[in-house]
Amino acid sequence: AQSVTQPDIHITVSEGASLELRCNYSYGATPYLFWYVQSPGQGLQLLLKYFSGDTLVQGIKGFEAEFKRSQSSFNLRKPSVHWSDAAEYFCAVALSNFGNEKLTFGTGTRLTIIP
Amino acid sequence: GAGVSQTPSNKVTEKGKYVELRCDPISGHTALYWYRQSLGQGPEFLIYFQGTGAADDSGLPNDRFFAVRPEGSVSTLKIQRTERGDSAVYLCASSSDSHNEQFFGPGTRLTVL
């Protein structure tokens, strides 16, 4: 079965600094990869997704992620964080995008922004 | 509606009671998912509906959990004989056939005393 690891439980970043959130997956083939953000009291919102093609994908709110097959990673990055980026971030995988497939989530990384 | 809605937003019940959680998906979305998110964890898959039928219920933890979607739109997650370990946020998501993007509702926070 596929699994997702987010090794950082909590990250603190200064406003304006760059950000990288790590995600590693375990699966025999290339899964379909997602990053979601969850703000307090809000539902999960999709930031970006990777199915195939260009391994660097752009998302909403200035986020990007890079798929690295050799490292089984799909790290999320942002060049300059804003105070409003404080939230919980989840990496997720799905087996296929043909039809609808359940998502397997990591345990999340909580992002704190300091002034 | 504009997004996925879930009711109630909060539910407090006593151990052993029966509860129902409702999900209204985005209009026209044929796929509907239920997930459970325990404190400090990521969401865990429970069940997936394609139309009216449960296409995958492998995530339901035991036979106390059951879900229906009789008309292919609204879904209800039913939990019998609730236990304290059932306390969590229950999330619903829907998607259309042409995408795998799942749109999530705000969740129902269930507390079993």
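Shown above is the structure to which this text applies.
Predicted, not measured: the structure shown is a model, and the values here were computed from it.

Draft legend 1. Focus on the interface of chain A and chain B. With 20 residues of chain A in contact, the opposing surface of chain B contributes 24 residues. Carbon and sulfur atoms supply 49% of the area that chain A and chain B bury against each other, a total of about 1,600 Å² over both sides. Our count for the contact surface shared by chain A and chain B stands at 2 salt bridges. Linking Lys 102 of chain A and Asp 56 of chain B is a salt bridge whose minimum nitrogen-to-oxygen distance equals 3.5 Å. Taken together, the connections running from chain A to chain B amount to 5 residue pairs in polar contact (both at pLDDT 80 or more). Among the secondary structure elements, those contributing two or more residues to the side of chain A that touches chain B are strand 5 (32-38), strand 6 (44-50) and strand 10 (87-94) of chain A.

Draft legend 2. Layout of the packing of aromatic side chains. Within this structure, the stated rule accounts for 16 aromatic pairs over all chains. Among the aromatic residues, those joined into a ring-pair cluster are Tyr 32, Phe 34, Tyr 36, Phe 51, Phe 90 and Phe 105 of chain A together with Tyr 33, Tyr 35, Phe 45, Tyr 48 and Phe 104 of chain B.

Draft legend 3. Fine view of the environment of Ser 26 of chain A. Residues and elements named next belong to chain A. Relative to the assigned elements, Ser 26 resides in strand 4 (residues 24-26). Exposure remark for Ser 26: the relative accessible area of 41% places this residue in the partly exposed category. In sequence terms Ser 26 and Ala 1 are 25 residues apart; their C-alpha atoms lie 8.1 Å from each other. Contact partners of Ser 26, with chain neighbours within four places excluded, come to Ala 1, Gln 2 and Ser 3.

Quick notes on the rules
- Residues numbered from 1 in each chain as written.
- Chains lettered and ligands numbered in written order.
- Predicted model: local features only at pLDDT ≥ 70, side-chain atom pairs only at ≥ 80, totals over all residues.
- Heavy atoms only, no water.
- Contact = heavy atoms within 4.5 Å.
- Buried area = accessible area lost by both parts, 1.4 Å probe.
- Salt bridge = Lys/Arg side-chain N within 4 Å of Asp/Glu carboxyl O.
- Polar contact = N/O pair within 3.5 Å; in protein donor to acceptor, adjacent residues only side chain to side chain.
- Helix = DSSP H or I, 4+ residues; strand = E, 2+ residues; numbered from the N terminus.
- Phe/Tyr/Trp six-rings, centres within 6.5 Å; stacked < 30°, edge-to-face > 60°.
- Buried < 20%, exposed > 50% of the residue type's maximum accessible area, 1.4 Å probe, protein only.

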